[in-house]
Amino acid sequence: MTKQRKASIEYLANCKQFHLSNKHISYIFCVSEDGKLLQLYYGKKVPQEKSYTHLIEQHYRQQAPCRKKDDLLYSLDSLKQELPEYGTSDYRHPAIRLRQPNGSAISELVYSFHKIKAGKESLPGLPATYTEEPLEAETLKVCLKDELTGVVVEVMYAIFSDLPVITRNVNVINQGSENIFLTHLMSLNLDLPDSNYEWLQLSGAWGRERHVKKRTLQQGIQSIESTRGISSPQQNPFVALARAETTEFSGEVIGATLVYSGNFLVQAEVDTFDVTRLQLGINPFNFEWKLAPKETFVSPEAVLVYSDQGLNGMSQTFHTLFRKHLVRGEWRDRERPVLINNWEATYFDFNEDKLLAIAEKAQQVGVELFVLDDGWFGQRTHEKAGLGDWYVNKDRLPDGMGALANKIRGLGLKFGLWFEPEMINLDSDLYRKHPDWMLHTPNRKASHGRHQYVLNYANPEVVDNIFQQMCLVIDDSKLQYIKWDMNRVLSEVYAVNLPADQQGEVFHRYVLGVYDLYERLTTKYPNILFESCSSGGGRFDAGMLYYAPQAWTSDDTDAVERLKIQYGTSFLYPLSSMGSHVSVIPNHQTNRLVPLDTRANVAYFGTFGYELDLSKLSADEITEIKEQIAFFKKYQSVFHNGTFYRIQSPFEKNRTETSWMVVSEDQTIAIAGYYKMLNEVNRSFHRMKLQGLKADWDYVIDGHVHSGAELMYAGLVSSDASSGFLIDQSPLPPTHDYDSRLWVIEKA
């Protein structure tokens, strides 16, 4: 029996219309009489085999330059487009800008031909979503050409079969005889017919990454960006445009992200006629790419998601897409080991005996992976030395890394190491030998961050050297896990290996160098579990997930702060990608004292692990940790593969509660978490309306049977002992600040 295509790309030749659709969505555009791509519709699925060109509206606009002689109606300034150019009657921000040798930045890209094929193409040198079978997606390539310069532009679309997802990127090919300079290229341009949207972004700083921020779209430009060389903790390369009436569970929302780890721009421009132009791409700030004849530039991939099931619906689509079509390799579907990291237990103060003592205790409580963090290499006894020298410090580990790794594995644990391969200290053998390998501007002072500097990953020699150094350590110790850190942003961005007319390429070439090193390491060592990190969540983006299936969500390990961080992160990224650990108290970032059970109840909704010295815990705490690890191992597949629902937001005004839940794929098991920041006196009664259950099934909670309908529509009673006066006869335990509760809901 022949399998039927679930995604379809239809071309109607009579009206030159393209219609990308599956059971969820339609994306429609056409070719105008003069070869421009005009946007017609994006949203919930509409019928195919029908022309929608009547949705093009043209009226005379005062002061609008017109494209045709004696025609006062046809101006690109009032038309919705797929790849707008500036200066030929459209005065909104363009999606592409090319500069010719004579200084002109005017181009005239017109339709040449198109191709439709099953499956989805990879992007050379860049991360991108993928398919394992051709039937999982369909791809459209629309080729445009500028006759004067010979530049060819390929606008690439892919639509997934079972998800409301469209991806897009743009390839620019110089088929002319002169150099062309690309100064602006957006991977996605989506012109929407109105501006009735609320803009939602994920913003913050070190230690408070991906907090939810909202504002209503207005005429003018709303944007977020990074100019730091990484996606950054300040802004995440993601935006959601939600209708005013949209909630977590109902209403329309469009979500978009860039599969990229460098400087980005996300922008919505609302014109004077309330058309919204949404754009995502490499930030044009300090960007310019020299395209010699026959050369090609490939833009990063943009991902576009539509949901009519609210913000949770959008997020669940991203989660499924990233888990099944972005994360790759052996660890995509495998359960991740529960780890312990020595950093907050020892910092730089360790030796082999101290590490083995932590590992022995960890094995006794059920930990599966021991990770040695910063300080094991070169002369790294403090922050001012050693980065760039990836050989073992024999003063600390006299028998070498291989011997320590064998001893750790002899205890029954896996062994992992921390690296910061993009950085260098001035006090290092690598700097003394190759001072020119550091990013720096000639004859200018270089700025440091945390006493360290950035290697020039735009130079392939640098990437080769670090790759060779890392391979020696990996082979010697037979590593099973690598934490890849990156603790400062780029400054004095200049590459001495590139000529003057290519310095605008350094930011992007740096990111390509990082991707190249990741690709070489993950190819050579497919069994290693990589976790990305950038001072915590400074480079938590879809590009990194292509190489490392999990990321350290934040250096802030305080459970109370993590509620906001993990809640915000979940708008885009699945639980299986969020590095989340139980840490020591008083917390090293906030000095807050949070109960051990609450620390675990937050960390369960992630990869789960520990950042503390187990030898300093009481016998009762050790017993509790054993129970925590056993609980997580039992339900890990639910946390990592289930459907996640946000229920109560910590970002709402005066909100002191947060709640969320995850439901197994077969809906037989669910785990709900409820978190209260401050205790109250004689508070109101509370119920938590659960999500994702089968209404006509019965479920057991704490020995009591409830229907799915009751739990979702009437709600689960979440009142605690503070809803009343604390007396000995109270059926519930006393409550306290930073309290939490976890419910396991199982099919009867």
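As annotated in an unreviewed UniProt entry, the chain carries the name Alpha-galactosidase and comes from Enterococcus pallens ATCC BAA-351. The chain has a UniProt comment under Sequence similarities (unreviewed entry) that states "Belongs to the glycosyl hydrolase." Turning to the chain, the UniProt record has this under Catalytic activity (unreviewed entry): "Hydrolysis of terminal, non-reducing alpha-D-galactose residues in alpha-D-galactosides, including galactose oligosaccharides, galactomannans and galactolipids."

Asker: Where do I start with the UniProt feature "active site" (unreviewed entry) in the chain in this structure?
Answerer: The UniProt entry lists Asp485 and Asp555 under the feature "active site" (unreviewed entry), expressed in the numbering used here. For this annotated set, covering 71 residues, all C-alpha atoms fall within 11.1 Å of each other, a compact arrangement in space. Mapped onto the secondary structure, Asp485 falls in the loop between strand S26 (481–484) and helix H7 (506–524). When its relative accessible area of 6% is taken as the criterion, Asp485 is described as buried. Each residue touching Asp485, except ones within four places of it in the same chain, is listed here: Trp418, Phe419, Glu420, Pro421, Glu422, Cys533, Ser534 and Ser535. By the secondary structure assignment, Asp555 is in the loop between strand S28 (550–552) and helix H9 (559–569). Leave out the neighbours within four places in its chain, and Asp555 touches Trp206, Glu209, Ser535, Gly536 and Gln589. Separated by 3.3 Å, the side chain of Asp555 and the backbone nitrogen of Gly536 make a polar contact.

Asker: What exactly am I supposed to notice about the UniProt feature "binding site: substrate" (unreviewed entry) in the chain here?
Answerer: Mapped onto the present numbering, the UniProt feature "binding site: substrate" (unreviewed entry) falls at Trp206, Asp373, Asp374, Arg450, Lys483, Trp484, Asp485, Met486, Asn487, Cys533 and Asp555. Setting aside residues up to four positions removed in sequence, Arg450 forms contacts with Asp374, Arg380, Glu383, Glu420 and Asn487. Among the polar contacts listed, one links the side chain of Asp555 to the side chain of Trp206, at a separation of 3.1 Å.

The rules behind these values
- Residues numbered from 1 in each chain as written.
- Predicted model: local features only at pLDDT ≥ 70, side-chain atom pairs only at ≥ 80, totals over all residues.
- Heavy atoms only, no water.
- UniProt positions renumbered as here; feature names shortened; annotations may be inferred.
- Helix = DSSP H or I, 4+ residues; strand = E, 2+ residues; numbered from the N terminus.
- Buried < 20%, exposed > 50% of the residue type's maximum accessible area, 1.4 Å probe, protein only.
- Contact = heavy atoms within 4.5 Å.
- Polar contact = N/O pair within 3.5 Å; in protein donor to acceptor, adjacent residues only side chain to side chain.

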